[in-house]
Amino acid sequence: SSLHGALFVTMARGRSDSRGRSPSRSKSRRKDSRSRSPADGRQKKPDDYGVDTLKISDDDAAFILGKGGKTKEKISRVSGAEIELFERDLILEIRGSKVQRRRAKKYSEGVMAQRTGPVSVTEDYDDGDLTMLHVPQEAVGFVTGRAGNFLRTIEEEWGTLMFFCEVGAGSRSRDYEKLAIFGSVRGRRGAELKVLSAVETKVPGFYGRIRDEVVQRDRGKDESGTWGTDTMTFQDDELSYALGKQGGTRKKLERSSGAVVQYVGHNALLSGTREERRRAKAYMKWLFDQLEGPVYVDGWEDRDDCTVVPVPRDCVGYITGSRRATLGTMEEEWGVLMFFMNKTEEKGRGKGDNEKLIIFGAQRDRRGAELKVMNGIEKKAPGTFTRGVREKTSDVRGFDTDRLVLKDEELSYAIGKEAATQKKLEKAAGCVLQFVGNVAFIAGDLKQRRRCKEFIGWLLQQMRGSVTIPDISRREDATEVFIPANCKGWVTGNRGSELRRMEQETGVYMFMALDARGEERLIIFSQEVGSKVSNTGRMAAERLVNEMIQEKLRDDGRGRSDSRRRSPPRGRSDSRRRSPPRGGGGGGGGGGGRSRSPPPRGRSPPRRDSRARSPPRRNDSRGRNNNNGYHR
């Protein structure tokens, strides 16, 4: 069923064949494989692992790649295969198991076929990864959105691939079109219900005609064998309450329960495993019970999906916020459901008591929300959680919490302006990091906790001087970038401002450190490797750094002075630059204990430059212009 005369060749299993086209890239990858690709060597390849190549045309290449390489990345994500597009040879290389390669080939052909007309879907298209949905003709434009934006948004949210198609050899019906949704059971279900919700808005009553087909779809077809769909019906006022402002209540029910929760007309559809559906229905019941009066969850001590935090009564208003705004923000941030629970007879007790705040959700999310609440209470009533608390280091390999006690000046440096440094360390380490008083609570698995404590240690060393990290070759979370001497100031920026900008954009932690020989290089830390087209992770940060290096080398080659573009006249700003560190956040600085004050206002031109200097993403995604010879 290959399209446009596509030629498919199955190659031998060895990786060396697939990389033979690009010797310089292969050498670079082998050299730093331990730092760049933690999965390499740890994830065992399936027995049927292989490499397929697909010969395509230049126009097809543009469609496969998509804007900024996003379509190629999407095909790779949905199929589970690794995909490489070689621009000069016009060859698409697909690596993975037999099923992954078949799916990637199928998705690629479907994307290319859209260039010339509707995609024809035959019976052999379904590898257990396809949902076919009827969409009334009058709702097709509404579902597609301007330039396909609505479908693209759903694809991004649920990790699916979607397009309208013809089925078999017949022509499309004038009454409806068929939408093909490819992906996992959960991803397809989430995307299908989102589309149905939009269709029901445009064509009221449509869901009623296909209700049984929708509810029965994929029953028992997940790994647990308990996948299914339950339904509830609401009145108008109940629906708006269950939906919440901008869908906030629906989203927190969905994320906290783990089920797919969507409203189609006045119907709530809850899809997931038996346990996920049970949780979603219980949470929905407690949500509506709160309209009637105090709610108390009997037997909460025996549940594994909740955490209870005792909140002093004089802190309840502070934690709740005006019209529940503070609780709502925490629920949105961590994807949990939170409410104060009281037995009717307990209401109006003395002031000295606590109230119980119950938090529902996944373990990690609950812990994040719990620590955020503790942080707020500690500000209002110092000593509530930190009085007599000591440091703690756990040896538990799974999820647990470590504690680290910081001095006052270390605390402000580790939190940073508007908690920017704290968030950066948290994201790069992959753990939950929260400061309750002067105590850092670090929650995650053993690797994540150790990584975060290392990051905090290096951060505090930067307050006092340069940091020495002799060797990172055995680390799975680091990438080295060697920067030419004449480019260091340009890459780090005034007081490390450029490094901090790149950290914020890509979610990494990076700084200049000395190696065993005393030579300085930039190290990028993050548990997320990223990809050639993703905007986050170590590969994204490395791309930005290499772009800055290339820009500086080009400017020097033209004899251009970087002072013209990088900063205001030195006369006025030098004294400010050299001011000693005052705390207020750390990290990211190129060079020891530089202060973290924001860059001068005169730095807006470089922001414009940074956008202009990035090369076309098309080349980035094909991996040919990222290796500048500076990383190892």
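In what follows, the structure referred to is the one given above.
Figured I'd write up the structure that's included with this text. (Residues numbered from 1 in each chain as written. Predicted model: local features only at pLDDT ≥ 70, side-chain atom pairs only at ≥ 80, totals over all residues. Heavy atoms only, no water.)

Structural notes on the pairing of strand β20 (residues 520-525)
β20 sits mainly inside the fold: 5 of its 6 residues count as buried. Here strand β18 (residues 478-481) pairs with β20 via 4 bridges, running antiparallel. By the bridge assignment, glutamate 480 is partnered in β20 with isoleucine 523. The hairpin formed by strand β19 (residues 509-514) and β20 contains 5 residues between the paired strands, and glycine 518 there has a positive phi angle of roughly 85 degrees. (Buried < 20%, exposed > 50% of the residue type's maximum accessible area, 1.4 Å probe, protein only. Helix = DSSP H or I, 4+ residues; strand = E, 2+ residues; numbered from the N terminus. Pairing = 2+ DSSP bridges.)

Structural notes on the packing of aromatic side chains
Aromatic ring pairs are reported here in terms of the distance separating the ring centres and the angle at which the planes meet. By the definition in use, this model includes 18 aromatic pairs. Plain terms: the ring middles of tyrosine 509 and phenylalanine 525 are 6.4 Å apart, the flat faces sit at 35 degrees to each other, and that makes the pair tilted. Residue tyrosine 509 is found in strand β19, and its partner phenylalanine 525 is found in strand β20; the two are separated by 16 residues along the sequence. A network of ring pairs unites the aromatic residues Phe455, Trp458, Tyr509, Phe511 and Phe525 as a single cluster. Sitting above the plane of the tyrosine 49 ring, lysine 45 keeps its charged end 5.3 Å from the centroid. One Lys or Arg, lysine 202, reaches over the ring of phenylalanine 142 and ends 5.6 Å from the middle of that ring. (Phe/Tyr/Trp six-rings, centres within 6.5 Å; stacked < 30°, edge-to-face > 60°. Lys NZ or Arg CZ within 6 Å of the ring centre and 35° of its normal.)

Remarks on the packing of helix α4 (residues 70-79) against helix α5 (residues 98-113)
The geometry of α4 relative to α5 is characterised by a closest axis approach of 9 Å and an angle of 145 degrees between their N-to-C directions. Remark: the crossing between α4 and α5 carries right-handed chirality. Where α4 abuts α5, its residues Thr71, Ile75, Val78 and Ser79 lie against Gln100, Arg103, Ala104, Tyr107, Ser108 and Val111. Residues of the contact of α4 with α5, tallied by class, amount to 5 nonpolar, 4 polar and 1 charged. (Axes fitted to C-alpha atoms, helices over the stretch in contact; angles between N-to-C directions. Left-handed = near helix turned anticlockwise from the far one by under 90°. Contact = heavy atoms within 4.5 Å. Nonpolar A, V, L, I, M, F, W, Y, C, P; charged D, E, K, R; others polar.)

Details of the packing of helix α10 (residues 236-243) against helix α11 (residues 248-257)
In a pair of packed helices, the angle between the axes and the distance between the axes together describe the arrangement. Put simply, α10 and α11 touch, their axes get as near as 5 Å, and they point 60 degrees apart. Residues Tyr241, Ala242 and Leu243 of α10 lie in contact with α11, whose contacting residues are Gly248, Thr249 and Arg250. Across the contact of α10 with α11, the residue classes break down as 3 nonpolar, 2 polar and 1 charged.

A look at the pairing of strand β6 (residues 130-136)
Along any regular strand the residues' side chains alternate between the sheet's two faces. With 6 of 7 residues buried, β6 is to be regarded as a mostly interior element. Relative to strand β8 (residues 176-182), β6 runs antiparallel, the two sharing 7 bridges. Residue pairing in the sheet places valine 135 in a bridge with glutamate 177 of β8.

Quick look at the sheet that holds strand β9 (residues 228-233)
Overall, antiparallel pairing links the 3 strands, which are arranged β9-β11-β10 in an open sheet. Both outer strands of the open sheet, β9 and β10 (260-264), are each paired with one neighbouring strand and no more. The average angle at which neighbouring strand axes cross in this sheet is 20 degrees, direction not considered. As paired elements, β9 and strand β11 (residues 267-272) share 6 bridges and run antiparallel to each other. From the neighbouring strand, threonine 229 faces β11, where its bridge partner is serine 271. Contacts from helix α8 (residues 185-202) reach β9, β10 and β11, with the element oriented near 15 degrees to β10.

Topic: the sheet that holds β19
Read from one edge to the other, the open sheet built from 3 strands follows the order β18-β20-β19, with strand pairing classed as antiparallel. Since the sheet does not close on itself, it has two edges, and those belong to β18 and β19, each with one partner. Taking the axes of each pair of neighbouring strands and ignoring which way they run, one obtains an average angle of 30 degrees across the sheet. With 6 bridges joining them, β19 and β20 adopt antiparallel strand pairing. Residue pairing in the sheet places methionine 510 in a bridge with isoleucine 524 of β20. Packing against the sheet, helix α20 (residues 497-506) makes contact with β19 and β20, and its axis sits at approximately 140 degrees to β19. Contacts from helix α21 (residues 538-557) reach β18, β19 and β20 within the one sheet, and its direction differs from that of β18 by about 10 degrees.

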